[in-house]
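# Coordinate analysis (summary)
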Amino acid sequence: MLEKKEHSYEKAVLVGLITKDQDEEKLQEYMDELEFLAYTAGATVEKRFTQKLSQPDSKTFVGSGKALEIKDYVKENEIGTIIFDDELSPSQLKNLERELEVKILDRTNLILDIFAQRAQTSYARTQVELAQYEYLLPRLTRMWTHLERQRGGIGMRGPGETEIETDRRIIRDRISLLKDKLKIIDKQMATQRNNRGKMVRVALVGYTNVGKSTLMNALSKSEVFAENKLFATLDTTVRKVVIGNLPFLLTDTVGFIRKLPTQLVESFKSTLDEVREADLLIHVVDISHESFEDHIDSVNQILQEIDAHKKPMIMVFNKIDDFSYERKDDDDLTPSTKKNISLEEWTKTWMAKSKFPTVFISALTKENFPEMKRLIYDEVMKVHISRFPYNDFLFEYFDEEEEEKNN
Ligand SMILES: Nc1nc2c(ncn2[C@@H]2O[C@H](COP(=O)(O)OP(=O)(O)OP(=O)(O)O)[C@@H](O)[C@H]2O)c(=O)[nH]1
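Computed from a predicted model, the values in this text were never measured in an experiment.

### Examining the packing of aromatic side chains
Throughout the structure, instances matching the rule amount to seven aromatic pairs. Cluster of aromatic residues (ring-pair linked, three or more members): Phe292, Phe317, Trp350 and Phe360.

Here's what the structure looks like:
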């Protein structure tokens with residue numbers, strides 16, 4: 001369990017289900033991630049409750065016996081928040097709040113809350129606020145919000161609930177206002193992107209916390225905010241990067257996550273346009289994370305959702321400095337057995353399997369940076385040549401760091 005760092009952290013418990021689509025091992029991985037999300041939002045997890053059910057209970061997500069067990073535990077241990085590892089339907093949420101008498105959050109609400117906490121610019125705040133209202137609108141029957149919103153805390157950093165009768169109308173008005181506001185900003189952003197000219201555009205994509213911003217900093221020698229918490233970056237940063245005389249634009253943008261709330265995908269349209277309109281994607285993967293294969297799948301799924309899945313891509317497997325030698329059997333992409341293999345053996349297997357140019361690096365120690373830069377250079381050059389067929393000679397490759405060492 002993650003350490004409690006501050007006294008102001010809220011006490012919470014997690015609830016998840018083992019179903020026919022989600023075995024026990026998968027659930028543990030998902031609960032680890034949920035705990036990290038809770039920690040990022042400002043909660044410490046006191047206990048995890050799990051239950052085996054063929055499908056979620058339509059009324060209370062878990063069965064009534066389990067609900068009672070959770071109720072007793074939270075009462076006895078003075079816990080104010082219960083977090084469910086799935087999106088709850090409006091009626092499940094209402095029933096659970098009535099029965100358990102504490103604040104109930106689901107995965108979507110938690111992610112939205114982190115986004116609200118992390119949004120720095122008015123643009124990001126507008127996008128998050130829209131997503132929060134879209135989430136809130138069908139759930140306007142919650143009973144605890146008046147009181148809790150005055151107290152603040154997790155799940156409360158967004159739009160509040162006032163009188164339900166008038167609220168729906170107010171929220172609908174607010175949603176359409178925010179949509180209009182975003183339309184104007186989206187237009188401005190599109191103009192800005194067009195004004196960047198014909199320079200090749202490369203976007204860093206990847207699961208949250210894989211090291212995109214760290215890599216951006218290392219490549220562009222800039223200082224983009226990087227932190228060991230989820231969704232450190234919400235706003236897009238674009239930097240001009242030059243590798244071997246060849247200039248291109250590199251974008252660092254919002255990290256992806258399993259079941260990224262659809263409200264967020266929709267309202268972050270313009271942010272995700274940076275990915276959609278890029279010429280080349282650099283898919284960063286954290287190989288020190290035991291679920292990195294699932295993360296790759298989630299990222300590919302989101303790329304498909306936003307129609308960016310057919311772009312040229314480079315796979316950058318990051319954090320090799322933190323690689324642990326126990327890996328799942330990589331002969332099969334859905335492995336069930338584990339074996340010990342070395343990093344070398346493991347990279348060879350992946351190289352053979354990968355459909356895209358692939359490199360293994362550490363953004364922290366800069367191991368294998370020359371190989372990565374060469375790979376990026378080659379792929380950017382391909383786009384560049386297709387765009388400017390006559391001036392490729394200007395950008396003959398040289399390794400800057402090697403040159404520096406030699407001088
Ligand atoms: N050990 C190790 N840690 C790394 C490496 N690269 C990044 N990190 C750490 O991983 C954490 C997340 O890094 P970020 O660069 O913020 O990750 P991100 O992908 O931009 O994160 P989001 O903004 O959440 O999408 C930070 O604590 C980094 O210091 C690496 O190569 N090795």
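### Digging into empty space enclosed by the protein
Scanning the entire structure with this criterion turns up three cavities of 30 Å³ or more. What the second largest cavity holds in volume is close to 40 Å³. Every residue lining the second largest cavity is listed: Phe115, Val254, Gly255, Leu260, Leu264, Val265, Phe268 and Leu272.

### Things to note about the environment of Glu97
Along the polypeptide, Glu97 turns up in helix 3 (residues 90–100). Exposure remark for Glu97: the relative accessible area of 1% places this residue in the buried category. Glu97 sits 37 residues away from Thr60 along the chain, and the two C-alpha atoms are 9.4 Å apart.

### Some words on the nonpolar core
Ile82, Leu215 and Phe317 are the most contacted members of the largest nonpolar core, which has 102 residues in total. Split by domain, the residues of this core number at least three in each of domain 1 (10–151) and domain 2 (198–406). When near neighbours in sequence (up to four residues on either side) are disregarded, Ile82 contacts Val13, Val15, Ile70, Val74, Leu100, Val102, Lys103, Ile104 and Leu105. Of all hydrophobic cores here, the second largest spans 12 residues; its members include Tyr133, Ile175, Leu178 and Ile185.

### Quick look at the pairing of strand 5 (residues 201–206)
Of all six residues in strand 5, six are buried; the element is thus mostly enclosed. Where burial is concerned, the two faces of strand 5 agree: the one with Arg201, Ala203 and Val205 and the one with Val202, Leu204 and Gly206 are both buried. Examined bridge by bridge, strand 5 and strand 7 (residues 246–252) share four bridges and lie parallel to one another. From the neighbouring strand, Val202 faces strand 7, where its bridge partner is Leu250. Here strand 5 runs beside strand 8 (residues 280–286); their pairing, made up of five bridges, is parallel. Across the sheet, the residue bridging to Val205 is His283, located in strand 8.

### Brief notes about the packing of helix 4 (residues 107–118) against helix 5 (residues 122–136)
Following both chains from N to C, one finds helix 4 and helix 5 inclined at 155°, their axes separated by 9 Å at the closest point. Overall, the two elements helix 4 and helix 5 adopt an arrangement that is roughly antiparallel. Crossing of helix 4 over helix 5 shows left-handed handedness. Together, Thr108, Asn109, Leu112, Asp113, Phe115 and Ala116 of helix 4 and Val128, Ala131, Gln132 and Tyr135 of helix 5 make up the contact between the two elements. Here the residues of the contact of helix 4 with helix 5 are counted per class, giving six nonpolar, three polar and one charged.

### Section: the sheet that holds strand 4 (residues 103–106)
Taken in spatial order, the four strands of this open sheet run 2-1-3-4, and their pairing is parallel. At either margin of the open sheet sits one strand with a lone partner, and together these are strand 2 (43–52) and strand 4. Averaged over all adjacent pairs, the angle separating strand axes in this sheet is 25°, with direction ignored. Pairing analysis gives nine bridges linking strand 1 (residues 10–18) to strand 2, with the strands arranged parallel. Along strand 2, the bridge assignment pairs Ala12 with Val45. The sheet strands contacting helix 3 are strand 3 (81–84) and strand 4, and the helix crosses strand 4 at an angle near 150°. Where helix 4 meets the sheet, its contacts fall on strand 3 and strand 4, and the angle it forms with strand 4 comes to roughly 85°.

### Points about the sheet that holds strand 8
Taken together, six strands build an open sheet; the order of strands is 6-7-5-8-9-12 and the sheet is mixed. Each edge of the open sheet carries a strand with a single partner, namely strand 6 (237–243) and strand 12 (358–360). Strand after strand, the sheet turns through a mean of 25° between neighbouring axes, direction not considered. Two strands pair when backbone bridges link them, and strand 9 (residues 313–318) and strand 12 are joined in this way by three bridges, in the parallel orientation. Bridged to Met315 within strand 12 is Thr358. Each of strand 5, strand 6, strand 7, strand 8 and strand 9 touches helix 8 (residues 212–220); the most contacted strand, strand 6, lies at about 45° to it. Relative to strand 7, helix 13 (residues 369–387) is tilted by about 105°, and along the sheet it contacts strand 5, strand 6, strand 7, strand 8, strand 9 and strand 12.

Conventions adopted
- Residue positions are given per chain, counting from 1 as you read along its sequence in written order.
- Only residues with pLDDT of 70 or above have their local features reported here, since the model is predicted, and side-chain atom pairs are shown and tallied only from 80 upward, although totals for entire chains, interfaces and linings are computed over all residues.
- Hydrogen atoms and water are omitted, and side-chain values are computed over all heavy atoms in the structure.
- Pairs were defined over the aromatic rings of Phe, Tyr and Trp, the Trp ring being its six-membered one, requiring ring centres within 6.5 Å. Orientation was assigned from the angle between planes: stacked under 30 degrees, edge-to-face over 60, tilted for the rest.
- Think of a 1 Å grid over just the protein atoms. A cavity is a set of points where a 1.4 Å probe fits yet cannot get out, a pocket is an open set with protein on both sides within 12 Å along at least five of seven lines, and lining residues have an atom within 4 Å of a point.
- Grid points are joined across faces, edges and corners, and a volume is the space filled by probe spheres set on the points.
- Each helix is a run of H or I in the DSSP string that is no shorter than four residues. Each strand is a run of E no shorter than two, and both are numbered from the N terminus.
- Accessibility here uses a 1.4 Å probe with only protein chains present; expressed as a share of the type maximum, an area under 20% marks a residue as buried, one over 50% as exposed, and anything in between as partly exposed.
- What makes a nonpolar core is a set of buried Ala, Val, Leu, Ile, Met, Phe, Trp, Tyr and Cys residues whose side-chain atoms join them at distances within 4.5 Å.
- Each domain's extent is set by a domain assignment, obtained either automatically or from a database.
- Contacts are assigned to residue pairs with any non-hydrogen atoms lying within 4.5 Å of each other.
- Strand pairing follows a simple DSSP-based rule, namely that at least 2 bridges must link the two strands.
- For helices, the axis comes from a line fit to the C-alpha atoms of the stretch in contact; other axes are also lines fit to C-alpha atoms, and the angle between any two N-to-C directions lies between 0 and 180 degrees.
- Should an angle fall under 35 degrees it is called roughly parallel, over 145 degrees roughly antiparallel, and 65 to 115 degrees roughly perpendicular, with every other angle called oblique.
- If you view the pair so one helix is near and one far, a crossing is left-handed when the near helix is turned anticlockwise from the far one by less than a right angle, and right-handed when it is turned clockwise.
- Amino acids are sorted into nonpolar (Ala, Val, Leu, Ile, Met, Phe, Trp, Tyr, Cys and Pro), charged (Asp, Glu, Lys and Arg) and polar (every other residue, Gly among them).

Such coordinate-based values are descriptive only and should not be taken to indicate function.
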